[in-house]
Amino acid sequence: MAHLRVDHIDFAYENGQTVFSDFSIEAKPGEFVALLGPSGCGKSTLLNLLSGFLQPQRGSIRINEHKARPEMQELGYVFQSPQLFPWLNALDNVAFGLRMRADVSRIEREQKAREALALVGLADAAQRLPHQLSGGMQQRISLARTLAMEPTLLLMDEPFAALDAISRQSMNEELLRLWSTLKQTVVFITHDIDEAVFLADRVVVLGKAPQGVRHTVAVDLPRP
Ligand code: ADP
Ligand code: ADP
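Residue positions within a chain follow its written sequence, with the count starting from 1. Lettering for chains starts from A, numbering for ligands starts from 1, and both go in the order in which the items are written. Local features in this predicted model are restricted to residues of pLDDT 70 or higher, and side-chain atom pairs are both shown and tallied only at a pLDDT of 80 or more, whereas totals for entire chains, interfaces and linings draw on every residue. As a rule here, side-chain values cover all heavy atoms of the structure and leave hydrogens and water aside.

Draft legend 1. A look at the packing of aromatic side chains. Paired rings are identified among Phe, Tyr and Trp, the last through its six-membered ring, by centres lying within 6.5 Å, and are further divided according to the angle between planes into stacked (under 30 degrees), edge-to-face (over 60) and tilted (the rest). Per the stated rule, a full pass over the model turns up nine aromatic pairs. On the numbers, 6.0 Å between centres and 40° between planes, the contact of F32 with F188 is tilted. A residue pair is termed long-range when its members are at least 10 positions apart, and F32 in strand β3 (residues 32-36) and F188 in strand β8 (residues 185-190) qualify at 156 residues. Burial here depends on accessible area, computed with a 1.4 Å probe over protein chains only, as a share of the maximum for the residue type. Under 20% is buried, over 50% is exposed, and the range in between is partly exposed. Of the residues examined, F188 reaches a relative accessible area of 0% and is grouped as buried. An angle of 45° between the planes, with centres 5.3 Å apart, marks the rings of F85 and W87 as tilted. Chaining the aromatic ring pairs together yields one cluster made of F32, F160, W179 and F188. Between K183 and the ring centre of W179, over which it is positioned, the NZ or CZ distance is 4.2 Å. Segments assigned H or I by DSSP are reported as helices when at least four residues long, segments assigned E as strands when at least two residues long, and all are numbered from the N terminus. To sit over a ring, a charge needs its Lys NZ or Arg CZ within 6 Å of the ring centre and within 35 degrees of the ring normal.

Right, here's the structure in full:
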């Protein structure tokens, strides 16, 4: 489980657009944190900072006391669109990322991929191609592909936003079930307040303020 600490960062784009000013958040090991805010408040920018694609001009972003870098093995990403390879079946799509891991043999790769597919309830769909699966199933495969890499910090950017309301609710229930078993640290970006409250231990609300400076409010939610 990863410990994420964002301490007093300032971040502005090269054109001078200030997005964060003295901004801090923390996700403790195993915590599920939702980032909630309107379009343009800086959610994508923050995700790019957390994953080390952007660097703050001041302050620090640390994952288990290390500076955030895109290739960190701790990091797993799930994006709004599943981005599966259309010519690979579900199992091979899930196994694909594991090819980068020199320590995982071909046999282990298939075994880990099967386990990850089973986790998301798609063990029976292993041989099917993406176009033979619904949008929700494709997004489950995308989640399985990320989980197979065994990340300890899961960064999710509106992962179910493209799904209809019913699939989305069942994916959220599924995600919560998986999270309570796997206990990763999760940072989940959304502009849907119901989704944030349903999922998270803590909701961090990002707001726009004058002069482009962003402020935040964090709300802790006790779990039943
Ligand atoms: P969100 O994901 O919450 O919609 P973004 O992080 O995309 O917000 O954007 C935050 C602010 O930074 C917005 O005002 C946006 O226009 C600006 N912005 C985003 N990307 C860039 C960029 N590459 N260069 C300059 N400004 C940007
Ligand atoms: P979203 O709100 O879904 O995150 P945006 O429309 O804010 O998407 O941004 C889409 C892309 O455009 C992002 O890569 C972002 O960095 C870039 N972008 C957004 N605003 C600006 C801007 N003012 N100048 C340059 N690039 C921008």
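And the narrative resumes.
Draft legend 2. Up close: the pattern of salt bridges. Salt bridges, as used here, are contacts in which a Lys or Arg side-chain nitrogen is within 4 Å of a carboxyl oxygen on Asp or Glu. Under the counting rule described, the total for this entry stands at 13 salt bridges. Across the salt bridge formed by D7 and R5, the nearest N and O atoms sit 3.4 Å from each other. The class for R5 is partly exposed, based on a relative accessible area of 34%. Put simply, E31 and R202 hold a salt bridge, and the shortest N to O gap is 2.9 Å. Placement of the pair is E31 in the loop between β2 (18-27) and β3 and R202 in strand β9 (residues 202-208), with a sequence separation of 171 residues. Summarising the burial analysis for this pair, E31 and R202 share the class buried.

Draft legend 3. Up close: the sheet that holds β2. DSSP calls a pair of strands paired once it identifies at least 2 bridges connecting them. Strand order across the open sheet formed by four strands is β2-β1-β4-β5, with antiparallel pairing between neighbours. At either end of the open sheet lies a strand with only one pairing partner, and these are β2 and β5 (66-67). With five bridges connecting them, strand β1 (residues 4-12) and strand β4 (residues 58-63) associate as antiparallel partners. Within β4, the residue paired with D7 across the bridge is S60. Where helix α1 (residues 43-50) meets the sheet, it contacts β1, β2 and β4, and its direction lies at approximately 60° from that of β2. Pairs of residues are marked as contacts when any of their non-hydrogen atoms sit within 4.5 Å. Working convention: axes come from line fits to C-alpha atoms, limited for helices to the stretch in contact. Angles between N-to-C directions cover 0 to 180 degrees.

Draft legend 4. Representation of the packing of helix α4 (residues 135-148) against helix α5 (residues 165-182) in the model. Where α4 contacts α5, the axes come no closer than 11 Å and their chain directions differ by 20°. Compared by their axis directions, α4 and α5 come out roughly parallel. Handedness of the crossing formed by α4 with α5: right-handed. Each of G136, Q139, R140, L143 and L147 in α4 lies in contact with α5, whose residues at this interface are S170, M171, E174, L178 and L182. Amino acids are sorted into nonpolar (Ala, Val, Leu, Ile, Met, Phe, Trp, Tyr, Cys and Pro), charged (Asp, Glu, Lys and Arg) and polar (every other residue, Gly among them). Each residue belonging to the contact of α4 with α5 can be placed in one class, and the counts come to five nonpolar, three polar and two charged. Under this scheme an angle from 65 to 115 degrees is roughly perpendicular, one under 35 degrees roughly parallel, and one over 145 degrees roughly antiparallel; angles in between are oblique. Handedness of a crossing is defined here by the sense of rotation of the near helix relative to the far one, left-handed for an anticlockwise turn of less than a right angle and right-handed for a clockwise turn.

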